[in-house]
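# Summary of structural features
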Amino acid sequence: MATPLMYYFGHTNPAENIPLYKNYITNLAQKVDLRQEHDLNSLSSGIIVSTSGWIDGPGYDTLLDVIRLYSIDVVIVIGHDRLYSLLSTHATSSAPASSDPSNPPLTVIKLPKSGGTVYRSDSDRRRLRRTKITEYFYGKRSPSDLMTSLSSLSSATSTATSLQSQIESLPNRYSPSRIDLSLKNYNLLKPGGIQLPQSMMPLSQSMEKTSTAINELKLVPCPLSIDLEHAVIAVLHGTNTLHGVNATAPTLVTLSTLAESAGDGDPLQLLLSTNVAGFICVVKIDLEHDILTVLSPCPGHLPSTNILVGAIKWVE
Amino acid sequence: MIVGPHDSGKSTLSRILSAYATRLDRTPVLVDLDVGLGMLSVPGCIGAVPLDRNCFDIEVIFSISHSHFSHAVSGQLRNGYSSDVLLRTHKSC
């Protein structure tokens, strides 16, 4: 069972930072291609891409990008006629003359929405997201665990609330630990540069000329503030990838050191294409001593010193 | 690729197709681009995972290991997806 390759976008809506979303999709496509090049079984089995529900405006353009990047040959449209017609016209209009393996002819299939689907309200979604993060840190309670534990608990009460509390009193599968991070040892980063007001721009430039794409893709150091409370933070993999036990804490690779080692390349580009090793969540902030207390899946040192802050928060 | 509006059953359909594929002894890669509520990990991220027969547990509907600090759990087995590790492990096959 392989560990998934993840990139942390930080928002629950792709429209909040379109250039960053496109950047991660592109990186993911490159890594998937890389894997499939080396594994014939994987190459013959193909990929299954599941998308978000964002299909209007820039969302549609993103779908076309995904089709191109992942060399998709079958698109299944569920329950949306307009999208089906748009994609069919796109498929027929962009049919390549020669058979190009990276750009196969596109087949668009329409499926009706199944009768079993349930509409989820915003509060349902928020609850589901909270549950997913809880499951990340504490693990899922499997049905067999439930059955063995419930059989040993008292069966006298049968009300729903008491059953709920009995279920909640079951031990969790995983035990996350709280660790203290001293911020002088870590690069706390977040996407999005500073948006300069017009008065601060050089005379010859205007805000329209400087594309916001540059700002939104830029990873900048995130200052420690009370806003970080309950934030879910992604820990990126280390840039020095070594096999073996990581017994000592990784040394802080400052952005300037990264710049030297990357040579001509931009150090932030390196970090934008680094995948996530795991997630931590801020529990307490000590502003005086610059210490973050975080909930981490396992004790000990984090795999690297680069940690990425997003907009997602989780309260235990 | 499966597209559609919210709550149309895209994730469920991709799970069904992955289950069919793995039962036919294929090893597809499941790519989840849903930032809002993904299948693979916490919300707010996108990712990909190669699937095989062992991914589907009878007990749990969809049992996939979450991304965790694999180095701390077993130092030698760095089965994370960093690209040079990828090349090293796959050049051997």
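Up top you'll find the structure we're talking about.
Let me begin by describing the structure that accompanies this report. (Residues numbered from 1 in each chain as written. Chains lettered and ligands numbered in written order. Predicted model: local features only at pLDDT ≥ 70, side-chain atom pairs only at ≥ 80, totals over all residues. Heavy atoms only, no water.)

## What to know about the overall build of chain A
Tallying secondary structure elements over chain A gives 10 helices and 11 strands in all. Every one of the 316 residues in chain A was classed for burial, and the buried ones make up 41%. As presented, chain A carries roughly 16,800 Å² of accessible surface, and 55% of it is formed by carbon and sulfur atoms. (Helix = DSSP H or I, 4+ residues; strand = E, 2+ residues; numbered from the N terminus. Buried < 20%, exposed > 50% of the residue type's maximum accessible area, 1.4 Å probe, protein only. Areas by Shrake-Rupley, 256 points an atom, 1.4 Å probe, with all protein chains shown as cover.)

## Concerning the overall build of chain B
A count of helical and extended segments in chain B gives three helices and three strands. Mapped from its N terminus to its C terminus, chain B presents α and β elements in the order β-α-β-β-α-α. On chain B, roughly 3,900 Å² of surface is accessible, and the fraction owed to carbon and sulfur atoms is 56%.

## A closer look at unusual backbone geometry
All names here are of chain A. The backbone phi angle of His-230 is positive, close to 65°, even though this residue is not glycine. Within the element layout of this structure, His-230 appears in the loop between β7 (219–221) and β8 (231–236). Assessed through its relative accessible area of 27%, His-230 is described here as partly exposed. A positive phi angle is found at Asp-290, which is not glycine, with a value near 55°. Its location among the elements puts Asp-290 in the loop between β9 (276–286) and β10 (291–296).

## A few points about the pattern of salt bridges
Under the criterion given, the structure shown has 10 salt bridges over all chains. For the salt bridge of Asp-7 of chain B with Arg-120 of chain A, the shortest nitrogen-to-oxygen distance reads 2.9 Å. With Asp-7 of chain B in the loop between β1 (2–3) and α1 (10–23) and Arg-120 of chain A in the loop between β4 (107–111) and α5 (122–138), this pair bridges two chains. By sharing partners, the salt bridges in this structure join Lys-22, Asp-65 and Arg-68 of chain A into a single network. (Salt bridge = Lys/Arg side-chain N within 4 Å of Asp/Glu carboxyl O.)

## Observations concerning the sheet that holds strand β5 (residues 177–182) of chain A
Residue and element names in this part refer to chain A. Strand order in the open sheet formed by seven strands is β5-β10-β9-β8-β11-β6-β7, with mixed pairing between adjacent strands. The open sheet has two edge strands, β5 and β7, and neither has a second partner. Neighbouring strand axes in the sheet, compared pairwise and without regard to direction, differ in orientation by 40° on average. Bridge count for β5 against β10 is six bridges, and the pairing is antiparallel. Looking at β10, one finds that Leu-181 is bridged to Leu-292. Contacting β8, β9, β10 and β11 (306–313), α5 crosses the sheet at an angle of about 100° to β9. (Pairing = 2+ DSSP bridges. Axes fitted to C-alpha atoms, helices over the stretch in contact; angles between N-to-C directions. Contact = heavy atoms within 4.5 Å.)

## Things to note about the packing of aromatic side chains
All names here are of chain A. In this structure the tally under the stated criterion is six aromatic pairs over all chains. The interplanar angle of 20° and the centroid separation of 5.3 Å between the aromatic rings of Tyr-7 and Tyr-24 together place this pair among those described as stacked. Of this pair, Tyr-7 sits in strand β1 (residues 5–8) while Tyr-24 is found in helix α1 (residues 18–38), placing the two residues 17 residues apart along the sequence. Across the pair, exposure class does not vary: Tyr-7 and Tyr-24 are buried alike. Between Tyr-136 and Phe-279, the ring centres sit 5.6 Å apart and the planes meet at 85°, which makes this aromatic pair edge-to-face. Here Tyr-136 is found in helix α5, whereas its partner Phe-279 is found in strand β9, with 143 residues between them in sequence. There is no split in this pair, since Tyr-136 and Phe-279 are both buried. In this structure an aromatic cluster arises from ring pairing among Tyr-8, Tyr-136, Phe-137, Phe-279 and Trp-314. (Phe/Tyr/Trp six-rings, centres within 6.5 Å; stacked < 30°, edge-to-face > 60°.)

## Points about the packing of helix α3 (residues 58–69) of chain A against helix α4 (residues 81–93) of chain A
In a packed pair of helices, the relevant descriptors are the angle between the two axes and the axis-to-axis distance. All names here are of chain A. Across the interface, α3 lies against α4 with an axial gap of 12 Å and an inter-helix angle of 45°. With respect to α4, the element α3 is oriented oblique. Handedness of the α3/α4 crossing: right-handed. Each of Tyr-60, Leu-63, Leu-64 and Ile-67 in α3 lies in contact with α4, whose residues at this interface are Leu-83, Leu-86, Leu-87 and His-90. (Parallel < 35°, antiparallel > 145°, perpendicular 65-115°, else oblique. Left-handed = near helix turned anticlockwise from the far one by under 90°.)

## What to know about the nonpolar core
In terms of nonpolar packing, the biggest core is built from 67 residues, with Tyr-70 of chain A together with Leu-33 of chain B touching the most fellow members. Those residues within four positions of Leu-33 of chain B in sequence are excluded, and the remaining contacts are Tyr-21, Ile-25, Leu-28, Val-49, Ser-50, Thr-51, Ser-52, Val-66 and Tyr-70 of chain A together with Ile-46 of chain B. Formed by 18 residues, the second largest nonpolar core is a distinct cluster that contains Ile-179, Leu-181, Tyr-186 and Leu-302 of chain A. (Core = buried A, V, L, I, M, F, W, Y, C linked by side-chain atoms within 4.5 Å.)

## Comments concerning a nonpolar patch on the surface
Taken together, the side chains of Val-74, Ile-109 and Leu-111 of chain A define a hydrophobic patch exposed on the protein surface, amounting to about 190 Å² of accessible area. Judged by its relative accessible area of 32%, Leu-111 of chain A falls in the partly exposed class. (Patch = residues over 30% accessible without salt bridge, like charges linked within 9 Å, V, L, I, M, F, W, Y side chains within 5 Å.)

## Structural notes on the packing of α1 of chain A against α3 of chain A
All names here are of chain A. In the contact formed by α1 and α3, the axes pass within 10 Å of each other and the chain directions differ by 15°. Comparing their axes, α3 and α1 come out roughly parallel. Seen from above, α1 lies across α3 with right-handed handedness. Contact residues: α1 offers Ile-18, Tyr-21, Lys-22, Ile-25, Thr-26, Ala-29 and Asp-33, while α3 offers Pro-58, Thr-62, Asp-65, Val-66 and Leu-69. Classifying every residue of the contact of α1 with α3 by side-chain character gives seven nonpolar, two polar and three charged. (Nonpolar A, V, L, I, M, F, W, Y, C, P; charged D, E, K, R; others polar.)

## Description of the pairing of β11 of chain A
Residues and elements named next belong to chain A. Two elements, strand β6 (residues 187–191) and β11, share three bridges in a ladder whose sense is parallel. When the sheet's bridge partners are listed, Leu-188 is paired in β11 with Ile-307. Across four bridges, the pairing between β8 and β11 is antiparallel. Residue pairing in the sheet places Ala-234 in a bridge with Leu-308 of β11.

## Regarding the environment of Leu-228 of chain A
Residue and element names in this part refer to chain A. As for its position among the elements, Leu-228 is in the loop between β7 and β8. With relative accessibility at 4%, the residue Leu-228 sits in the buried group. As for Leu-228 and Gly-310, which are separated by 82 residues in sequence, their C-alpha atoms are 9.4 Å apart. Setting aside chain neighbours within four positions, we find Leu-228 in contact with Leu-188, Cys-222, Pro-223, Val-282, Ile-285, Val-309 and Lys-313.

Just distances and angles here, no functional claims.
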